[in-house]
Amino acid sequence: MITLVQGDITKMKVDAIVNAANSSLLGGGGVDGAIHRAGGPAILEECRQIRARQGGCETGEAVITTGGALPAKKVIHTVGPVWNGGQKGEPELLANCYRNSLQLAVDNGIKTIAFPNISTGIYHFPKPDAASIAIQEVQRFLANDNNLTEVLFVCFDDENYSLYKERL
Ligand code: AR6
């Protein structure tokens, strides 16, 4: 089931929330900053361990940590593409973020997961296209998976919320 909500993803009581991180995994602004602030230092500590093991996270890939002090048990950190005109594989890389996050969730026994609007803030991916890609990838995944029970799209800004509402 897909659910659309408007609000702050750090407040969601789900098995996992997804973070729109960067390849350093060391935090930043936007939703990444909000998640680390609300979840506390345990999240960054696990991010550092992942960095020590594999040197960060590539664009389109995903890694998982504790949720720390968040209501969510886990955080899945994925790295969206920086929008660079659209000819650098950005749509496929954004689709990979959703697909790889969902697969990592299933691999970790997660049943409920919340996504922010990856890449549509600091990374400047056009919001209408990003919404279409996100919904398409989640719908495709759910059509072939019986483990996830709920996928939430958590829109922070009004523009994303109305784009998702139109498309869903
Ligand atoms: N809950 C849900 N969504 C949020 C929240 C929140 N608390 N805060 C912002 N958003 P962005 P990006 C929305 O910039 O474009 C960071 O510095 C926001 O309205 O957070 O993928 C990272 O470290 C927007 O729609 O992520 C990277 O360096 C969406 O989250 C870089 O930004 C994504 O905006 C990643 O840029």
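Because the structure is a prediction, the values reported are computed rather than measured.

Trainee: Would you mind showing me how to read the state of the cysteines here?
Mentor: Linking two cysteines covalently via their sulfur atoms produces the bond known as a disulfide. Applying the stated rule across the entire model yields zero disulfides. Between Cys-47, a cysteine without a disulfide, and Cys-57, which holds the nearest cysteine sulfur, the sulfur-to-sulfur distance is 9.4 Å. Left unpaired, Cys-57 is separated from the closest cysteine sulfur, that of Cys-97, by 8.2 Å. Judged by relative accessible area, which is 4%, Cys-57 ranks as buried.

Trainee: I tried to follow the pattern of salt bridges on my own but got confused; where do I start?
Mentor: Side chains that differ in charge, positive against negative, can pair when their charged atoms come close. If you walk through the whole model with that rule in mind, you get eight salt bridges. One salt bridge connects Arg-167 with Glu-166, and the closest N-O pair in it is separated by 3.5 Å. Judged by its relative accessible area of 62%, Glu-166 falls in the exposed class. Overlapping salt bridges, with partners in common, bring together Glu-92, Arg-99, Glu-137 and Arg-140 in one network.

Trainee: What am I meant to see in the packing of helix H3 (residues 90-107) against helix H4 (residues 127-143) here?
Mentor: When two helices pack together, their arrangement is given by the angle between the helix axes and the distance between those axes. One can describe the packing of H3 onto H4 by two numbers: an axis separation of 9 Å at closest approach and a directional angle of 35 degrees. Considering how the two elements wind past one another, H3 and H4 form a crossing that is right-handed. Residue-level inspection shows Pro-91, Leu-94, Ala-95, Tyr-98, Arg-99, Leu-102, Gln-103 and Val-106 of H3 in contact with H4, the latter providing Ala-130, Ile-133, Ala-134, Glu-137, Val-138 and Phe-141. Classifying every residue of the contact of H3 with H4 by side-chain character gives eleven nonpolar, one polar and two charged.

Cut-offs applied
- Residues numbered from 1 in each chain as written.
- Predicted model: local features only at pLDDT ≥ 70, side-chain atom pairs only at ≥ 80, totals over all residues.
- Heavy atoms only, no water.
- Disulfide = S-S within 2.5 Å.
- Buried < 20%, exposed > 50% of the residue type's maximum accessible area, 1.4 Å probe, protein only.
- Salt bridge = Lys/Arg side-chain N within 4 Å of Asp/Glu carboxyl O.
- Axes fitted to C-alpha atoms, helices over the stretch in contact; angles between N-to-C directions.
- Helix = DSSP H or I, 4+ residues; strand = E, 2+ residues; numbered from the N terminus.
- Left-handed = near helix turned anticlockwise from the far one by under 90°.
- Contact = heavy atoms within 4.5 Å.
- Nonpolar A, V, L, I, M, F, W, Y, C, P; charged D, E, K, R; others polar.

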